[in-house]
Amino acid sequence: MNGAEVILEDVSKFYGEVLGVNRVSLHIPPGITSLVGPNGSGKTTLMNLMAGLIHPDRGSIRVRGISPRDPERLMRITGYATQYDAAPRSMTGFEFISSLLALHGHSRSRSAQLAVQALERVGLSDAAHRKVAGYSKGMRQRVRLAQAIAHDPEVLILDEPLNGLDPLVRAETIEMFRGEAARGRHVILSSHVLQEVDIISDQVILIANGMIAAEGEIRSVREEMHEHPSQFLVRAREASRVASLLFLQDHVTEVRLSEDRQGLLVLTRSREAFSQALASIALDGYGIESVAPVDENVDALYKYLIGGEPS
Amino acid sequence: MTPLRLRQALTLAWLEARRAFLSRRSFWVYLLALFPAFVFFMHGISVKIQRDRLSSRGVISAALMDSVRESETEAAVIARLGKPVNDFAFDRRAKQDRALVRRVNYFDGSRILVLTFANGVLESKRVRTLVNLEEDRAVFAMVFQNFYLRLAVFFGCLGIFVNLFRGKMMDKTLHFWLLAPMRREVLLGGKYLAGLLAASLIFGLGALLSFRLMLWEKPPAELALFWQQHGPAHAFAYTAAAVLACVGYGSVFLATGLLLRNPIIPAAVLLLWEGANPFLPSMLQKLSVIYYVQALCPVAPPPDPNMPAIMQFLFSPANPPSRLLAVTGLLLVTALVLWLAARAVRKIEINYSTD
Ligand SMILES: Nc1ncnc2c1ncn2[C@@H]1O[C@H](COP(=O)(O)OP(=O)(O)O)[C@@H](O)[C@H]1O
Ligand SMILES: [Mg+2]
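Structure report, in brief. (Residues numbered from 1 in each chain as written. Chains lettered and ligands numbered in written order. Predicted model: local features only at pLDDT ≥ 70, side-chain atom pairs only at ≥ 80, totals over all residues. Heavy atoms only, no water.)

What follows deals with the layout of surface pockets. All names here are of chain B. Volume-wise, the largest pocket comes out at about 990 Å³. Contributing to the lining of the largest pocket are 33 residues, with Ser23, Arg25, Asn163, Lys168 and Asp171 lying nearest its centre. Where the lining of the largest pocket is concerned, the elements lending two or more residues are α1 (3–22), α2 (27–56) and α5 (133–170). Tallying contributions element by element places α5 first for the lining of the largest pocket, with ten residues. (1 Å grid on protein atoms, 1.4 Å probe; cavity = no way out; pocket = protein on both sides within 12 Å on 5 of 7 lines; lining within 4 Å. Points joined across faces, edges and corners; volume = space filled by probe spheres on them. Helix = DSSP H or I, 4+ residues; strand = E, 2+ residues; numbered from the N terminus.)

The following block contains the structure:
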C-alpha cells in the first residue's frame, strides 16, 4: 500500500530560526484528509513540503512513491491549490489554466479543452474569458482550484480551499472532493476551522505549533463533540425567514436573530444535519451570504487535545 | 534533452517572452534601446534642416565650387558663382592693418565652401562637408561601446532577467511555474530563452535601427560605397555584439536574481567590474562580458584624450581576441554562469512572506 500513500517521515522545516514544522511523521492514505490547525501552525508549510515548493531540513517525503525533489514526475500526479492569492492578473482565467496545461506537453487544442473542462467543474465557465484581475476573492479561489484539478491529478493538495466560498459553491466543491476521493485519489486539504471539514473528511490531522497534535483519535473526539451543541453564524438577506425554516429542524436547539436582522446565531446538535438543511434552504434562495462556525468549540477542542491555548 | 523537455522549455519561453515584451515595466527597456536611434535621428533631422535651408538659397555645381583660385577678386568670384548662401562683412583691425573682410559661403549640395576676402581679394578658402560619414561612424562606435553596450544593454538585461525569478517571487506567481511537471533546469532554460528572446530582439533591433539612422542623410555616393565595402558587415557586427551582450549579461542577471535577494548591490559591483575592465589584469579581463563583446565591434572608438595621466598609466586593454575567440569566450563565460544558476535553481524555494 506504501506506493499509494503520502508519507512523511520525521520531517522538520525551519525558516531560519522560525519553526515551520517539527518532526512530523504521517502516513496519509487515499481519501479526504484534512489538516486542521490555527493560523501559523504549519499547515501551509506541510503542503509546500509535499509539493516540493520548499524542501525539508531533515526527514523524507514520498508522494505515492515519488520524491518532491523530482517535480517532473511529482507534478504529473499532483495538483496543488496554494493559499497565495496571486493568479497572474493580466491573464484571463482560461489563458492561465491552458498555458499551465501546455507545460504538461499537451497540444494547444488539448490544453484548451482541458482548461474549459476544469473551469466548468469549478463553475467559472462564464468568467473564463475575463481577466483574473477582475475576479472576486471566491472566484480567484476557484481559479486556483481549477488549476490544481485541470490535469486530473491523483493527489490533490488544497490549502484552505473552502475559504471565501459562498455556501452553494462550497457544497458543490465538497461534492467534487468526495467524487475524487471515491475514485481512490488523495484529497488533502487544510482549514483552521474544524467544523468546516470534519464531517467531510475520512481523516483529520490536528496540527499545532508545527507538530501533529492528534490523528486517528479524532473520530472519538468528534463523537464527543457531537453531543455538545455547535454554534454557527449565518448571514442572509432574509434572515428571519431562514430562522423560521431552521427552527423547524429538530436538531436545531436555538436560533437567535442579530440586531441588524441579517445575522443568525444557530445552535445545533448535529452539524451534519445542519449543513444539509442549510444547503437545501440556500438552494431555495433567501440570499444566504455566509456561514461560519463560531470558533469557541474549536478552541475547546484544542484545549482538550493540546492541553493549552492554540497559539 | 528529450523532445518533451525541449517543448516545455520553448512553451515556457514563449509565455514568458510575451509577458516581457508587453509588461509595462519593460517601457524603460525600450527607452534605453531606442535612445541612440533617437540621437542619430535628431542629428539626421538637423542635417536635413540645414541642407534644406542652404539649398533653398541656391546650389552651385561642384565644378564651379572647385574653380575658385587663390588671389581672385571678390567681384570676379561673386560674378561667376552667383549669390552666396551666407554673406557677412566686418571690419578687421590688427595693429596697423585695417581691412574690410567679407566672408561668403557656397553650397554644392553636400559641401560648403567658405571664402574669406580681405579688401576685395581672396584671402582664404576652406571646404567642409555638411555631414561627415567617417566622423559620424566614429561617434557611433563611441556611443555604441560606451553607452549602448555598457549601460543600455546592461541595465535592460538587468530589468528583464532579474525579473524572471526575483520579480516572480515578489509578485507571488513563481510557484505556478514550480507546480508544472518540469525539471527545474528546464524551467531555468525556458526562462533564460524568454529573456534572451525579448532582450536580443529589443537591443538587436535597437542597434540596427540606430546604425541605419546614423547613415541617414549622408551623401549618396559615399553611402553607396560604404554599403559596398563595410556597411553590411558592420551592421551585422553591431547587431551581433548587442545580441551577444544580451547572451552574456542575461545569464549573469538571471543567476543574480536566483542567487541573491537584492540585485542592486551585485548590479553595482558588476557595473564597476565591467566598467573597470581595461584597467584589470588581463587574466581578470577575460572574466567579463564587455571584454568579448567589445572585440566584436568593427570600429574602435578613439581613446578619451581627457583621461588623467595616472589612469592612462593603468589603462592596459588586453589584446582583443579574434572574433572567433571572442564568441567562444563569451559563450564559455555564459555557460559557466548558467551552470551556477542551474545548481541554484535546484534548491529554489518559495519564500513569499519575508519579502
Ligand atoms: N517564508 C517564511 N519565512 C519565515 N517564517 C515562515 C515562513 N512561512 C511560514 N513561516 C512561519 O512558519 C510557521 C508556520 O506557518 P504556516 O505553515 O504558514 O502556517 P499555517 O499555514 O498553518 O497558517 C509560522 O510561525 C510562520 O510564521
Ligand atoms: Mg496557511
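Additional details are given in the paragraphs that follow.
Glancing now at empty space enclosed by the protein. Applying the stated rule across the entire model yields three cavities of 30 Å³ or more. If you add up the space inside the largest cavity, you get close to 120 Å³. In terms of lining, the largest cavity is formed by 14 residues, of which the most central are Leu100, His104, Gln147 and His151 of chain A together with Leu179 of chain B. Of all the secondary structure elements, the ones that give two or more residues to the lining of the largest cavity are β5 (78–81) and α3 (93–102) of chain A. The residue inventory of the lining of the largest cavity, partitioned by class, reads nine nonpolar, five polar and no charged. What the second largest cavity holds in volume is close to 60 Å³. (Nonpolar A, V, L, I, M, F, W, Y, C, P; charged D, E, K, R; others polar.)

All names here are of chain A. At 2.0 to 2.4 Å from the magnesium ion (ligand 2) lie its protein donor atoms, namely Thr44 (OG1) and Gln83 (OE1). Remark: glutamine 83 occurs in the loop between β5 and α3 and threonine 44 occurs in helix α1 (residues 43–51); sequence separation between them is 39 residues. The buried category is assigned to threonine 44, whose relative accessible area is 19%. The class of glutamine 83 is partly exposed, set by a relative accessible area of 35%. (Donors = N, O, S within 2.8 Å, 3.2 Å for Na, K, Ca; no water. Buried < 20%, exposed > 50% of the residue type's maximum accessible area, 1.4 Å probe, protein only.)

The next thing to look at is helix α4 (residues 74–81) of chain B. All names here are of chain B. Restricting attention to buried positions, one finds in α4 the residues Glu74, Val77 and Leu81. Seen along its axis, α4 keeps its buried residues to an arc of 70°; they face one direction. Residues of α4 that are exposed and point more than 90 degrees away from the buried face comprise Ala75 and Ala79. Residues of α4 that are buried make contact with α3 (62–66), β2 (97–107) and β3 (111–118). At the exit of α4 stands glycine 82, carrying a positive phi of roughly 90°. (Arc of directions from axis to C-beta. Contact = heavy atoms within 4.5 Å.)

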